[in-house]
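Descriptive structure summary
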Amino acid sequence: MKALERVSGFVGSTFAIWVVLFAILSFLIPSGFTWLAAYITPLLGIIMFGMGLTLSASDFKEAFKRPKEVAIGVAGQFLIMPLLAFALVTLLPVSKEVAVGVILVGCCPGGTSSNVMTYLSKGDTALSVSITTVSTILAPFLTPALIFLFASQWLEVSAGSLFVSIVQIVLVPIVLGLIVKALLKDKVEAGVKAIPLVSVIGIVAIVAAVVSVNHEQIAKTGLLIFLIVVLHNALGYLVGYGLGKVTKMGSKQQKAVSIEVGMQNSGLGATLAAAHFNPLAAVPSAIFSVWHNISGPVIATIFRKQQEKEDKNDVEKSQSA
């Protein structure tokens, strides 16, 4: 079990490398990965089940302890990213499938990667986990409504079908994970240590599936989609950080909100796109999966250095007082 824990830790810490590596491989050798497309939905369900196993009562209690900060983070997640996505696809020349795909990933809740990046940035990890938890629980209601609002002008959107899908692949697995953890308690702890490994395998497989199925379209329009994804992500970090400042949050809380707003559950985006729209609509989510595992560590490093400088200044002020 210790060996599995070490492997899981290593794979989790090198997540970005595996995502980029298999994205490249599936683009160069698509025939070796197209078979994974049939398993996108169950793979995300397994990831969400793992998320349920890692949640605890304290995560929910934290949301009630700081409702204002959590509400600001969740509102930022579901307002800023959909609006930015809509603005980008309206201003830039993209196909209707790509437009819907960008909006779709913009309407998704935050992913668990944001919690890790917040921790690495020395931000408020407890707040980050609470925002991710609440936004994920609200996703079955808010994500379909937002996709319908912003994307229905390009493609037909069935908010009801999206709601059912998100309940099935997000809410039900998370609730099952919570139930299993409540029933088995300490016995489940050993399995929890393997969750980073399972999550990485699941996300990598989803990205590889989407890239392999759409490799021809990516070759034609991939650069423009990549540009949109980078802008969307960077603006999300920036506006999210500004939101924390405007609402007079502390420095650590600003970092948590910035990362929560900027990083999306791209696995959910890819799954919904593949199930309800043209396969090309899943490409922005796949590229986002690759990119946010590059941008996440970068922004976490910038924030960590900023926080260390602030902490040092606080110590110096207290010593001189």
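The name an unreviewed UniProt entry assigns to the chain is Bile acid:sodium symporter family protein, from the organism Gracilibacillus salitolerans. According to its UniProt record, the chain has this under Subcellular location (unreviewed entry): "Membrane".

This paragraph deals with the pattern of salt bridges. One pass over the structure, following the stated rule, counts two salt bridges. Among the salt bridges present, the one from Arg 66 reaches Asp 124, with a minimum N-O distance of 2.6 Å. One end of the pair, Arg 66, is in the loop between α4 (57-65) and α5 (67-91); the other, Asp 124, is in the loop between α7 (113-120) and α8 (125-151), with 58 residues separating them in the sequence. Across the pair, exposure class does not vary: Arg 66 and Asp 124 are buried alike.

With twelve residues, helix α13 (residues 251-262) extends 17 Å between its outermost C-alpha atoms, agreeing within 8% with the 16 Å of an ideal straight helix rising 1.5 Å per residue. By the criterion of burial, α13 is predominantly enclosed, with ten of the twelve residues buried.

A cluster of nonpolar residues, Val 172, Val 175, Leu 176, Ile 179, Leu 183 and Leu 184, forms a patch on the protein surface that exposes about 520 Å² of accessible area. With respect to the secondary-structure elements, Val 172 resides in helix α9 (residues 159-184).

The next point concerns the packing of α8 against α13. Contact geometry for α8 and α13: axes closest at 9 Å, N-to-C directions at 35°. Crossing of α8 over α13 shows right-handed handedness. Residues Leu 127, Ser 128, Ile 131 and Thr 132 of α8 pack against Gln 253, Ala 256, Val 257 and Glu 260 of α13. Of the residues that constitute the contact of α8 with α13, the class distribution is four nonpolar, three polar and one charged.

Within the largest apolar cluster, 78 residues are counted, with the highest numbers of intra-cluster contacts made by Ile 147 and Phe 277. With residues up to four places along the chain from it excluded, the contact list for Ile 147 reads Leu 104, Cys 107, Ser 152, Val 157, Leu 162 and Phe 277.

This paragraph deals with the packing of aromatic side chains. The full count for this structure, using the stated rule, is seven aromatic pairs. An angle of 50° between the planes, with centres 5.5 Å apart, marks the rings of Phe 141 and Phe 163 as tilted. In this pair, Phe 141 is assigned in helix α8 and Phe 163 in helix α9, connecting sequence segments 22 residues apart. By relative accessible area, which is 51% here, Phe 141 ends up exposed. The structure contains a cluster of three or more aromatic residues connected by ring pairs, namely Phe 86, Phe 150 and Trp 154.

Let's shift gears to unusual backbone geometry. Even without being glycine, Lys 248 reaches a positive phi, approximately 60°. The class of Lys 248 is exposed, set by a relative accessible area of 75%.

A disulfide bridge is the covalent bond that connects two cysteines by way of their sulfur atoms. Evaluated as defined, the whole model comprises zero disulfides. Cysteine Cys 107 remains unbridged, with the sulfur of Cys 108 as its closest cysteine sulfur at 7.3 Å. Cys 107 sits in the buried class, given a relative accessible area of 0%. Residue classification places Cys 108 among the buried positions, given a relative accessible area of 0%.

Right, let's get into helix α6 (residues 96-106). Burial analysis of α6 places ten of its eleven residues in the buried class, which makes it a mostly covered element. Every buried residue belonging to α6 is among Glu 97, Val 98, Ala 99, Val 100, Gly 101, Val 102, Ile 103, Leu 104, Val 105 and Gly 106, and all of these are buried.

Another point: the environment of Ala 75. Inspection of the secondary structure puts Ala 75 in helix α5. Each C-alpha atom of the pair Ala 75 and Ser 135 lies 8.8 Å from the other, and the pair is 60 residues apart in sequence.

We now examine the side chain of Glu 69. Summarising the element assignment, Glu 69 is placed in helix α5. At 3.1 Å, the side chain of Glu 69 forms a polar contact with the side chain of Arg 66. Once residues within four sequence positions are removed from consideration, Glu 69 is found in contact with Leu 127, Ile 131, Met 249 and Gln 253.

This brings us to the side chain of Gln 264. Considering the arrangement of structural elements, one finds Gln 264 in the loop between α13 and α14 (266-276). A distance of 3.1 Å separates the side chain of Gln 264 from the backbone oxygen of Val 105, its partner in a polar contact. A polar contact is formed between the side chain of Gln 264 and the backbone oxygen of Cys 108, at a distance of 2.9 Å.

With numbering aligned to this structure, UniProt lists the feature "transmembrane region" (unreviewed entry) at residues 7-29, 35-58, 70-92, 98-120, 127-151, 157-180, 192-211 and 223-244. Helix makes up 74% of residues 98-120 and strand 0%, and the two end C-alpha atoms of the span are 32 Å apart. Secondary structure within residues 157-180 divides into 92% helix and 0% strand; the distance between the first and last C-alpha atoms comes to 35 Å.

Rules used throughout
- The numbers attached to residues start from 1 for each chain and follow its sequence in the written order.
- The model is predicted, so local features are restricted to residues of pLDDT at least 70 and side-chain atom pairs to those at 80 or more, both for listing and for counting; the totals for chains, interfaces and linings are taken over all residues.
- For side-chain calculations, the full set of non-hydrogen atoms in the structure is used, while hydrogens and water are omitted.
- UniProt positions are given in the numbering used here, feature names are shortened, and annotations may be inferred rather than shown by experiment.
- By definition, a salt bridge exists where a carboxyl oxygen of Asp or Glu is found within 4 Å of a side-chain nitrogen of Lys or Arg.
- Secondary structure counts use DSSP, requiring at least four H or I residues in a row for a helix and at least two E residues in a row for a strand, with both numbered from the N terminus.
- We call a residue buried when its accessible area falls under 20% of the maximum for its residue type, exposed when it is over 50%, and partly exposed in between, using a 1.4 Å probe and counting protein chains only.
- Expected span, for any helix, means 1.5 Å times one less than how many residues it has.
- What goes into a patch is any residue over 30% in relative accessible area without a salt bridge, connected to like charges within 9 Å or, for nonpolar side chains (Val, Leu, Ile, Met, Phe, Trp, Tyr), within 5 Å.
- The protein chains shown are the only cover counted for residues, whose accessible areas, like all others here, come from Shrake-Rupley with a 1.4 Å probe.
- Axis lines are fitted to C-alpha atoms, over the contacting stretch for helices. Their N-to-C directions set the angle, which ranges from 0 to 180 degrees.
- Each crossing gets its hand from how the near helix is turned against the far one by less than a right angle, where anticlockwise is left-handed and clockwise is right-handed.
- Whether two residues are in contact is decided by their heavy atoms, any of which lying within 4.5 Å being enough.
- Classification convention: Asp, Glu, Lys, Arg as charged; Ala, Val, Leu, Ile, Met, Phe, Trp, Tyr, Cys, Pro as nonpolar; all other residues, Gly among them, as polar.
- Grouping buried Ala, Val, Leu, Ile, Met, Phe, Trp, Tyr and Cys residues that are joined through side-chain atoms within 4.5 Å yields what is termed a nonpolar core.
- Centres within 6.5 Å are what make two rings of Phe, Tyr or Trp a pair, Trp counting through its six-membered ring; a difference in plane orientation under 30 degrees is then read as stacked, over 60 as edge-to-face, and the rest as tilted.
- The criterion for a disulfide is a pair of cysteine sulfur atoms lying within 2.5 Å.
- Polar contacts, as counted here, are pairs of nitrogen or oxygen atoms within 3.5 Å of one another; within protein the pair requires one atom able to donate a hydrogen and one able to accept it, and residues that are adjacent in sequence qualify only if both atoms are side-chain atoms.

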